[in-house]
Amino acid sequence: CNNIYKITYGIPIYIKQYIEIMYKRNIVSFDTKSSIWRWNENEILSLDIGKDISNLILNKIRECSKNCEIMLRRAAIIGRKFDYKKIAQLTSFDNERLTSCLWEAIKEKIIEPIDFEFEMEKNEIENPQFKYCNDKFYQVLYSNIEGKLKKAIHEKLGRLILEDGEIEENIF
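Computed from a prediction, not measured in an experiment: that's the story for all the values here. (Residues numbered from 1 in each chain as written. Predicted model: local features only at pLDDT ≥ 70, side-chain atom pairs only at ≥ 80, totals over all residues. Heavy atoms only, no water.)

Draft legend 1. Broad picture of the pattern of salt bridges. Scanning all chains against the criterion turns up nine salt bridges. A salt bridge links Arg38 to Asp31, with the nearest nitrogen and oxygen atoms 2.9 Å apart. On the basis of relative accessibility, which here comes to 40%, the residue Arg38 falls in the partly exposed class. For Arg73, the salt bridge goes to Glu69, with nearest N and O atoms at 3.1 Å. Highlighted residues: Arg73 and Glu69, both in helix H5 (residues 66–78), separated by four residues, approximately one helical turn. Since its relative accessible area comes to 10%, Glu69 is described here as buried. Each of Lys16, Glu20, Lys24, Lys60 and Glu108 takes part in salt bridges that share partners, so that together they form one network. (Salt bridge = Lys/Arg side-chain N within 4 Å of Asp/Glu carboxyl O. Buried < 20%, exposed > 50% of the residue type's maximum accessible area, 1.4 Å probe, protein only. Helix = DSSP H or I, 4+ residues; strand = E, 2+ residues; numbered from the N terminus.)

Below, the structure is given as structure tokens:
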């Protein structure tokens, strides 16, 4: 418990994520016959997911599909909030692939839709908007994008904003 507290600073959302990682890796399990949780302390102590929140978040992102990870990094270039149209343009993913990535990130509680219910099969909103569930996700993703790639995506985003005539909405 002390190790988890040190890594997560006692912040509930990070404690939950840490426990989810342990559960997914079968380090912590629930014994339904005896109705108790079981764990291996040695495996918890040797768990290599980093010694701080940033590494915890990066590990969570790396557990996503490669396409989802690409989409999340491109979205971080847009900002804490992003819309479907812009992320589709930055990733060049078709609707099916992008919808799948968005759905995966929503299920993993990395992003969430803004003011609507996101449905995998159909989405009647013209340009749905999303945001990161926690600013730390955005910060870690953005800060871990390699410099040349970050610059190239910023340039592409700038051109898209100019082409769409959305200068004032995106500057102020």
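Moving on from the model shown.
Draft legend 2. Representation of the packing of helix H4 (residues 53–62) against helix H8 (residues 135–143) within the structure. Two elements in contact, H4 and H8, have axes whose closest approach is 10 Å; the angle formed by their N-to-C orientations is 85°. With respect to each other, H4 and H8 are oriented roughly perpendicular. Contacts between H4 and H8 involve Ile53, Ser54, Ile57, Leu58, Lys60 and Ile61 from the former and Lys136, Phe137, Val140 and Leu141 from the latter. Looking at the contact of H4 with H8, its residues break down into seven nonpolar, one polar and two charged. (Axes fitted to C-alpha atoms, helices over the stretch in contact; angles between N-to-C directions. Parallel < 35°, antiparallel > 145°, perpendicular 65-115°, else oblique. Contact = heavy atoms within 4.5 Å. Nonpolar A, V, L, I, M, F, W, Y, C, P; charged D, E, K, R; others polar.)

Draft legend 3. Broad picture of the pairing of strand E1 (residues 28–31). Sheet topology places E1 next to strand E2 (residues 36–39); four bridges connect them, and they run antiparallel. Residue pairing for E2: Phe30 is matched across the bridge by Trp37. Counted between consecutive antiparallel strands, the loop separating E1 from E2 contains four residues, among which Ser35 sits at a positive phi close to 55°. (Pairing = 2+ DSSP bridges.)

Read these as layout, nothing more, since geometry by itself doesn't imply function.
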